[in-house]
Amino acid sequence: LSDCSTRLSQKIKTMTTPLLRQLDVPSTSNRCGASSFLSSPSSLLPTTPRRSSRAGKRDVAVSMARSEDFSLWRGETPVPKGWSPAVVPGIKTVATPLLSADKVAERLLAAVHSTADQHFGAFFSSELGGIITDPALMLIHMDDHMVHRGHGVFDTVLITDGHLYQLPQHIARLKKSAEMAGIEVWRSDAVLMRVLLDTAAASRKLNGIIKFWMTPGRGGFGLAPDECTEVGFYALATSEIVPKMDLLDKLSGYKACTSPIPPNKGRLARIKSNNYLRNTLVLTDARENGYDVGLFVDEEGHILEGPNMNVGIITQDDVFVTPPFDNCLAGVTMQRLMELIPGERERSPNDVIVSNIQQRPITEEDMRTAKEAFLTGSTLGVMPVVSINGEPIGEDGKPGISALAFDAMLVEDMKVPESGERTQHIPVPFGRTTGMIEHLQ
């Protein structure tokens, strides 16, 4: 093997020396990695991807790529007249490598960050037609219309004690968003439900979330989706819950501000779209100015919603008020809360002090003079809002008893009933295939 490698190296040098002379590049120079490439015949052999430690950042950066990752030219491409590899605009740089399939696999395995390694349990891809459990391979192509145009819809469902909470409601909202976004629905409700349950099972996560997306699919980089070849559906089961918080966060509450970022209007406001640029800017702007969250406000001064949460208040007359869903997202959590309040009010009238439930516009003045204010979301639960634009809400600017009671109501509702009908929970089919036989229902 050693003799074979030596002969191969000599043969390569014989073949490439005229080319290097034509380019005015000495055969022994390191310019563009020529010397290292020619003197290392082992670099021509395919490499086996190795999984490196997944703690911390990747070890190999593109700017520090080894010279054997690329050669001067590939194939039979003729060298342009007068071309010189030394003529590169700007400062002295390292040539960008052309990666082999083996090198790509190696770097994907090395690039898995700690959050993915610790939390990402399983990923379904309709393009692959199955489930992946290695975070390094949980990928979506750049030519997917959701990626390069933001033309996609998504939703999130909780995994709680080995069950999916309110799954049919979230699938229904995803389909409605897809219809409004002009995206064909991928498969039937039964298939969607089975894929999400199987993905949850493959993740082996008893608690967490499943995020799932529907997209026009791949096909190019045009603006219109008519080039897309097939509708795409993706789902990721993870134990990472954002935002991360505990009871102390709820007892502190959020400081909110009205945001200068204009909200979406009409149909765009009702679609749970993958395009969250405005939402991101609302939260970023609020945090840069010392607040916990920003709130969208329309041209008439009505508070609509948070960046990914619905808003509500309790008036001085104990009326529960949340904005209508015509210019904001119809929150599944907010709707469930409004369903629970009447029954809980009968059982605990001293905790749930609500005289009526209304959906009507809310102004900044309404929030500032309210008895309580709060935000709701699937992973957030109920978060009290203690101030708006620096002015306290309520008598003392502290979380109110109703908001904390609402949160406790939802936490209790998310628990899997020990007996009786499970109207909000669907068991995940753990079992022999996942090695979790004790969880098989």
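Trainee: Is there a simple way to think about a nonpolar patch on the surface in this case?
Mentor: There is a patch of nonpolar side chains on the surface, built from Ile140, Met142, Val147 and Phe221 and spanning about 370 Å² of accessible area. Turning to its location among the elements, Ile140 is positioned in the loop between strand S2 (130-132) and helix H5 (145-149). Taking relative accessible area as the criterion, Ile140 reaches 30% and is therefore assigned partly exposed.

Trainee: Would you explain the pairing of strand S11 (residues 319-322) in this entry?
Mentor: Each regular strand carries side chains that alternate between the two faces of the sheet. Alternating positions in S11 separate into two faces, Val319 and Val321 on one and Phe320 and Thr322 on the other, with burial throughout. Of the strand pairs in this sheet, strand S10 (residues 310-314) and S11 are connected by two bridges, and their pairing is antiparallel. Within the sheet, the bridge partner assigned to Ile314 lies in S11 and is Phe320. Where S10 hands over to S11, the hairpin turn is made up of four residues, of which Asp318 adopts a positive phi near 65 degrees. One ladder, built from four bridges, connects S11 with strand S12 (residues 356-359); its direction is parallel. Looking across to S12, one finds that Thr322 is bridged to Gln359. With helix H11 (residues 332-347) bridging S11 and its parallel neighbour S12, the resulting β-α-β unit is right-handed.

Trainee: I'm lost on the pattern of salt bridges in this one. Help?
Mentor: Pairing between side chains of opposite charge can happen when their charged atoms approach one another. In the structure shown here, the tally under the stated rule is 16 salt bridges. Note that Asp143 is salt-bridged to Arg218, the shortest N-O span being 2.7 Å. One end of the pair, Asp143, is in the loop between S2 and H5; the other, Arg218, is in the loop between strand S5 (208-215) and strand S6 (232-238), and 75 residues separate them in sequence. The exposure class assigned to Asp143 is buried, which follows from its relative accessible area of 14%. Residue Lys265 is joined to Glu299 by a salt bridge in which the shortest nitrogen-to-oxygen separation is 2.9 Å. In this pair, Lys265 is assigned in the loop between strand S7 (254-258) and helix H9 (266-270) and Glu299 in the loop between strand S8 (293-297) and strand S9 (302-305), connecting sequence segments 34 residues apart. The same class applies to Lys265 and to Glu299, which are both exposed.

How each quantity is defined
Residues numbered from 1 in each chain as written. Predicted model: local features only at pLDDT ≥ 70, side-chain atom pairs only at ≥ 80, totals over all residues. Heavy atoms only, no water. Patch = residues over 30% accessible without salt bridge, like charges linked within 9 Å, V, L, I, M, F, W, Y side chains within 5 Å. Areas by Shrake-Rupley, 256 points an atom, 1.4 Å probe, with all protein chains shown as cover. Salt bridge = Lys/Arg side-chain N within 4 Å of Asp/Glu carboxyl O. Helix = DSSP H or I, 4+ residues; strand = E, 2+ residues; numbered from the N terminus. Buried < 20%, exposed > 50% of the residue type's maximum accessible area, 1.4 Å probe, protein only. Pairing = 2+ DSSP bridges. Right-handed = clockwise from strand over helix to strand, strands pointing away.

Just geometry here; none of it tells us what the structure is for.
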